[in-house]
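The lines below spell out each chain.
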Amino acid sequence: MSAGGNVDIAALVAELAARTVTRTEADVQSGIASLLLYGGLNLDDPQVRLETPAPGRRRVDIETGLTVIECKKDLSAGNVREEAVEQLTGYVRDRTTELGQRYAGVLTDGQEWRLYHLSQHDDELREISRCLVNPADPDVEGLLVWLEGVLSTAEQLTPTPLEVRRRLGSNASGYELDLAELRDVYEQLQEDPEIRQKRELWARLLAAAFGRNFEDDTDLFIEHSYLVLTAEIIAHAVLGFDLRTGAISASELVTGQRFREAEIGGVVEADFFDWPISSAQGTAFVETLARRLSRFSWRDVEHDVLKVLYESVIDPETRHRLGEYYTPDWLAERIVAEVVDDPLGQRVLDPACGSGTFLFWAVRRYLEAAADAGTDDREAVRGVVGQVFGIDLHPVAVTLARVTYLLAIGAERLQGHEPMTVPVYLGDSIQLNDATSVLSPAGLSISTADGLELFARELNFPESLVADAGRFDRFVDDLATKASTRLADGKPPAISQTMTNYGVVEGSDRSMLEETYKVLCHLYDHRRDHIWSYYVRNLARPLEFTREEHRVDRLVGNPPWLRYNAMTARTQEDFRRLTRERNLQAPAQVVTSQDLSALFVARSIELYLRLGGRFGFVMPASMLSRLQYRGFRAADYTSSAATAYASFDRPWELSRISPQPFPVPASVAFGQRADAGDLVPMPETAVWWSGDVPSHHRSWEEIGGSLSTAEGEIVVAGEDYESPYAALVRQGSNLVPRFLLLVVERDAGPLGTVAGRIPVESDRSTPEKAPWREQPSLTGAVESRFVMPVLVGGSILPFALRGKDRAVIPWDGAKLLTGEDPDIESHPGLAAWWKDAEATFARHRSETTTMDLNEQVDYQSKLRDQFPLRQHRVAYTGRGERVTAARISDPDAVVDHALYWAGFESKEEALYVSGVINSDALHDRILDALSKGLFGGRNIHRAPFLISWPQFDPVDELHVRIAQAAERAEGVAAKGGGETGGISAARRRVREALIADGVRGELETLASELLERI
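Rules of the game
Residues numbered from 1 in each chain as written. Predicted model: local features only at pLDDT ≥ 70, side-chain atom pairs only at ≥ 80, totals over all residues. Heavy atoms only, no water. Helix = DSSP H or I, 4+ residues; strand = E, 2+ residues; numbered from the N terminus. Rg over C-alpha atoms; globule rule 2.2 N^0.38 Å. Buried < 20%, exposed > 50% of the residue type's maximum accessible area, 1.4 Å probe, protein only. Contact = heavy atoms within 4.5 Å. Lys, Arg positive; Asp, Glu negative; His and termini not counted. Charge placed at Lys NZ, Arg CZ, Asp CG, Glu CD. Pairing = 2+ DSSP bridges. Polar contact = N/O pair within 3.5 Å; in protein donor to acceptor, adjacent residues only side chain to side chain. Core = buried A, V, L, I, M, F, W, Y, C linked by side-chain atoms within 4.5 Å. Axes fitted to C-alpha atoms, helices over the stretch in contact; angles between N-to-C directions. Parallel < 35°, antiparallel > 145°, perpendicular 65-115°, else oblique. Salt bridge = Lys/Arg side-chain N within 4 Å of Asp/Glu carboxyl O. Left-handed = near helix turned anticlockwise from the far one by under 90°. Nonpolar A, V, L, I, M, F, W, Y, C, P; charged D, E, K, R; others polar. pLDDT = per-residue confidence, 0-100.

### Let's talk about the overall build of the chain
Okay, step 1: Along the backbone of the chain there are 35 helices and 36 strands.
Okay, step 2: Radius of gyration (C-alpha) of the chain: 32 Å, near the 31 Å computed for a compact globule of 1014 residues.
Okay, step 3: Structurally, the chain occupies a C-alpha span of about 90 × 85 × 65 Å along its principal axes.
Okay, step 4: Looking at the chain as a whole, 58% of its 1014 residues qualify as buried.
Okay, step 5: Considering only intrachain contacts with a sequence separation of at least 6, the fraction spanning at least 24 residues in the chain is 72%.
Okay, step 6: Computed over 109 positive and 154 negative side-chain charges, the separation of the two mean positions in the chain equals 2 Å.

Now the structure itself:
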């Protein structure tokens, strides 16, 4: 790579990174100046200033734009770095004070590049990003991208997924700079009552969407604010507003004033995330962010890039915890093409639209069909906003989806548009919490009992407005503006002419709206008006789509996969009621394995899809076969409240695509809404997709050739298919938080400990999550009878156990003791430990957790069911690449939740069971029923017993031979080298020893013969 005449940039970067002994600081300074000028950073000589004066008769090494660069010969030597940071702090403070703008500092010796931000909160300079260059193999492009992120000098960048991720994502230097500044603004404003309320309402909405998995976290609120501000600025760029000159103010950017003037509703408005403009620093931040984003040519978008931005800002662990699995572009495009076969004639709804991927491709499909039909742009835009709709409960996703919708339309088509509203709405599509509103022939009435405590009285809107979605939303925006305005006499403006402008002429309708307007003005006066227009659309649009005449022709999307255990108690209650009414309730043994996706799809069909309308939804792959989805596959969702049936087409199975498009394997359910006589259950064959996908952020045209399809059978689990052992299987106890239960023996000291007790302290050897990792360890001397061996996931090898952990278990032989139980006082060591553990758990448990520590460890009786401990047990892994099982011979060992276990009548029966479970023959039979986990392992659960292999019969020669071979395998496994190294390597060594001995081959032959009998 070279630029700028004879300057070899690659050689220059390597030379700068080498830290040669003979070079001087002047050499480093000169080399970095050359890199800035000739490295393709769009800088010229006047913009790169060397030795600029600074207060105190000092000089800044290099200054360019709003960045000062301090150059050193070698930052690794002595105290050079500490002294340089102090020097850089002075420069950045001086420039920030002098110019009243955010200044960044860079410290470098050519090998280390460190970016610093000056906090306005405490006036401290903090490192926020770094780029380290390997002199032997320098990543020249990586360094230049890092520098450009700091300097923001590039022009006309094409917003491809790669460029968005590299320059705006969480690993980009510019993002780190922006986030540090935004965090600084929040620290100054966080006690403001209005901003506190905005954050509180944001948290409540996300808690409703994500249940117990959501944690009200300051960093997440700031990251969400950054994402929304970014999306709103991009929306202005799409329409051609100049973001460089300051012609549009920060206030206009975040409140959508220019959109209102252009009569484009439903894109940018005052919301949870407009709080930065409450201060001068925040206003400056928004203006700086706008200039940085103007580097991109946002009119050239060809993908849902805001999804890419979201995924690159919010860390994978958080997205996994919240169940946020965004659909790849190519898959969304292909599903839309499969379902929407008449784009100009079919109304399409994505009821869980996320960032808008399905909307993007549905809009593009409509516009392409309109162009083929010779429709002009104005008519095409008017048509598409009346045909393609989205709803989501996530406030950040809704903003991103609205802007994505605009990006899909494109700037050129928006020229000369008519008044319009982007039809993407914040709402609860499946209306889990009922009785929040009423839609009747008279109009829309919003109840005061909304759960968010937003309104003091009812809000009423007449049918004449609600029936026209676009007009209704524009009226809502205008009313919001007037409610926030006060005239010279302190009164709000009249709305008589506004009602006339929107065609409200009936006297009763006008009286209704006058009363509603008074409520809104009251809200504004109490600084509680910022979210009301969101909330009105939340209720108006989903309810409007439920009307028979307004139901849609097509449903597409990727519903939430929120697991039952992660739902709040209120949501669990509503979930149980709705699934029970619609024949979706799972059998008792798998009820906690349910997630929201099946109910979401069934409810969407019931509420929004016309008879004969088609649907296509991304679902977990377990939907095709697992017992908890049996009611969904049956296609009868009739309830006392509604009648809904489905006629399923052949589904798609996506688990053979590499890499996986989702953290867990997925499928796609297709079908249509049907009458009772046309009901068709889910077929037991699927279209199996396979192939290697180079990137999931590509269109179908780019990716389609990499994939192939074939028809294949689905192994469907059911009670009739199960082994008789299925009813015996239990999951182990929830021994978490680990440090409150798992212990290691400690040194008793010179005085020893009381007889019958064991000196113990918390075992901190396993990874812990916040807030538990910050808590101090527990120590104590606990009675030995309560310090029990524990088997965890890492304890199980094929046919053998590897070590044992120990845990404090308050089981006295008859019951579980609690800190308040008088009987615990008979065991002072246990009492001291357990009361301390209970108090720690109560102080730091999640706000959404109502269980105490005893209820946690004994959830669904998973601990009590283990007592009295059985003499003959088998435990197997609940997750992993394959099932691994071992017989438990220790009568005192307790089983942890990472394992499943069952008790048997005899040692021979336990051996027989472990022999079958460990076999490849069984593994191959259940493989398609296993759902893949986030990090590649599989969720095994009760899958080994989905196949109806028989109960042990002591007179059946084959059964006896399997038990004998398993006992021999135990002897080999005990010597197989499984006691050292990581668990995966240890299991591999044991399996290799079993193969070398020949016993594994013998077991495979016997297990295959057994399973062939089924």
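### Digging into the pairing of strand S1 (residues 49–54)
Okay, step 1: The pairing of S1 with strand S2 (residues 58–64) spans 5 bridges and is classified as antiparallel. Within the sheet, the bridge partner assigned to Leu 50 lies in S2 and is Ile 62.
Okay, step 2: Between the end of S1 and the start of S2, which pair antiparallel, lie 3 residues, with Gly 56 showing a positive phi angle near 75 degrees.

### Brief notes about the side chain of Arg 873
Okay, step 1: Examined against the element boundaries, Arg 873 turns out to sit in strand S30 (residues 873–877).
Okay, step 2: At a separation of 3.1 Å, a polar atom in the side chain of Arg 873 contacts the main-chain carbonyl oxygen of Asp 890.

### Quick look at the nonpolar core
Grouped burial of nonpolar side chains is what soluble globular proteins tend to show.
Okay, step 1: Trp 298 and Tyr 405 are the most contacted members of the largest nonpolar core, which has 115 residues in total.
Okay, step 2: Ranked by residue count, the leading element in this core is helix H8 (residues 218–238), at 13 residues.
Okay, step 3: With sequence-adjacent residues up to four places away left out, Trp 298 is seen in contact with Pro 159, Val 164, Leu 168, Ile 234, Ala 237, Val 238, Leu 293, Val 305 and Leu 407.
Okay, step 4: Counting residues in hydrophobic clusters, the runner-up holds 46 residues, among them Val 913, Ile 926, Val 972 and Ala 1007.

### Re the packing of helix H31 (residues 907–917) against helix H33 (residues 957–974)
Okay, step 1: Remark: H31 packs on H33, axes separated minimally by 7 Å, with the N-to-C direction vectors making an angle of 80 degrees. Relative to H33, the element H31 is oriented roughly perpendicular. Residues Lys 907, Glu 908, Leu 911, Tyr 912, Ser 914, Gly 915 and Val 916 of H31 form the contact with H33, whose own contacting residues are His 959, Ile 962, Ala 963, Ala 966, Glu 967 and Glu 970.

### Here's the deal with the pattern of salt bridges
Okay, step 1: Counted according to the given criterion, the structure contains 57 salt bridges.
Okay, step 2: Across the salt bridge formed by Glu 191 and Arg 196, the nearest N and O atoms sit 3.8 Å from each other. For the pair shown, Glu 191 and Arg 196 are each scored as exposed.
Okay, step 3: The residue Arg 757 makes a salt bridge to Glu 783 at a minimum N-O spacing of 3.7 Å. With a gap of 26 residues between them, Arg 757 in strand S24 (residues 757–762) and Glu 783 in strand S25 (residues 779–783) connect regions that are remote in the sequence.
Okay, step 4: Under the relative-accessibility criterion, Glu 783 is labelled buried at 11%.
Okay, step 5: Three or more residues joined by partner-sharing salt bridges are found here, namely Arg 19, Asp 74, Arg 81, Asp 109, Glu 112, Arg 114, Glu 127 and Arg 130.

### Overview of unusual backbone geometry
Okay, step 1: A cis amide bond, omega -10 degrees, links Ser 658 with the succeeding residue Pro 659.
Okay, step 2: Checked against the element boundaries, Pro 659 lands in the loop between strand S18 (652–658) and strand S19 (666–674).
Okay, step 3: The step from Ala 770 to Pro 771 runs through a cis peptide bond, and the omega angle for that step is 5 degrees.
Okay, step 4: Turning to its location among the elements, Pro 771 is positioned in the loop between S24 and S25.
Okay, step 5: Here the phi dihedral of Gln 156 falls at roughly 55 degrees; this positive angle occurs in a residue that is not glycine.
Okay, step 6: By the element assignment, Gln 156 lies in the loop between helix H4 (140–151) and helix H5 (161–168).

### A short note on the packing of H8 against helix H11 (residues 280–293)
Okay, step 1: One way to put it is that H8 packs onto H11 with a least axis distance of 10 Å and a crossing angle of 60 degrees. When the axis of H8 is compared with that of H11, the two are oblique. In terms of crossing hand, the pair formed by H8 and H11 is right-handed. On H11, the residues touching Tyr 226, Leu 229, Thr 230 and Ile 233 of H8 are Phe 285, Val 286, Leu 289, Ala 290 and Leu 293.
Okay, step 2: The residue inventory of the contact of H8 with H11, partitioned by class, reads 8 nonpolar, 1 polar and no charged.

### Section: the side chain of Thr 579
Okay, step 1: Here Thr 579 lies in helix H24 (residues 569–581).
Okay, step 2: Classification of Thr 579 by relative accessible area gives buried; the value is 2%.
Okay, step 3: Ignoring anything within four residues of it in the chain, the contact list for Thr 579 reads Leu 584, Gln 585 and Leu 599.

### Considering the sheet that holds strand S5 (residues 112–118)
The strands making up a sheet associate through backbone hydrogen bonding, with each pair oriented either parallel or antiparallel.
Okay, step 1: Spatially, the 6 strands line up as an open sheet ordered S1-S2-S3-S4-S5-S6, and their pairing is mixed. Both outer strands of the open sheet, S1 and strand S6 (125–132), are each paired with one neighbouring strand and no more. Pairwise comparison of adjacent strand axes, ignoring direction, gives a mean angle of 35 degrees for this sheet.
Okay, step 2: As judged from the 3 bridges shared by S2 and strand S3 (residues 67–71), these two strands associate in the antiparallel manner.

### Notes on the environment of Val 972
Okay, step 1: Residue placement: Val 972 occurs in helix H33.
Okay, step 2: Overall, Val 972 belongs to the buried group, its relative accessible area being 17%.
Okay, step 3: For the pair Val 972 and Val 990, spaced 18 residues apart in the sequence, the C-alpha separation amounts to 7.9 Å.
Okay, step 4: Those residues in contact with Val 972 that sit more than four places away from it in its chain are Ala 993, Leu 994 and Asp 997.

### Structural notes on the sheet that holds strand S32 (residues 885–888)
Okay, step 1: Judged by pairing direction, the sheet is antiparallel, and its 4 strands sit side by side in the order S22-S34-S30-S32 without closing on themselves. Where the open sheet ends on each side, the last strands, each with one partner, are strand S22 (730–731) and S32.
Okay, step 2: With 5 bridges connecting them, S30 and strand S34 (residues 899–903) associate as antiparallel partners. Residue pairing in the sheet places Ala 875 in a bridge with Trp 901 of S34.

### Considerations on the confidence of the model for the chain
Okay, step 1: Averaged over all residues, the pLDDT of the chain equals 86, while 91% of them reach at least 70.
Okay, step 2: Of the regions scoring below 50 in pLDDT, residues 932–937 engages in 19 contacts with residues more than four places distant in sequence or in other chains.

### Some details on the environment of Ala 54
Okay, step 1: Secondary-structure assignment places Ala 54 in strand S1.
Okay, step 2: Residue classification places Ala 54 among the buried positions, given a relative accessible area of 11%.

### Focus: the pairing of strand S26 (residues 787–791)
Working note: regular strand, side chains alternate between the two faces of the sheet.
Okay, step 1: Taken across its 5 residues, S26 has 5 buried, putting it largely inside the fold.
Okay, step 2: Relative to strand S29 (residues 805–808), S26 is paired through 4 bridges, and the arrangement is antiparallel. Its bridge partner lying in S29, Pro 789 is registered against Arg 806.
Okay, step 3: Pairing between S26 and strand S33 (residues 894–895): 2 bridges, direction parallel. If you follow Val 790 over to S33, its bridge partner there is Val 894.

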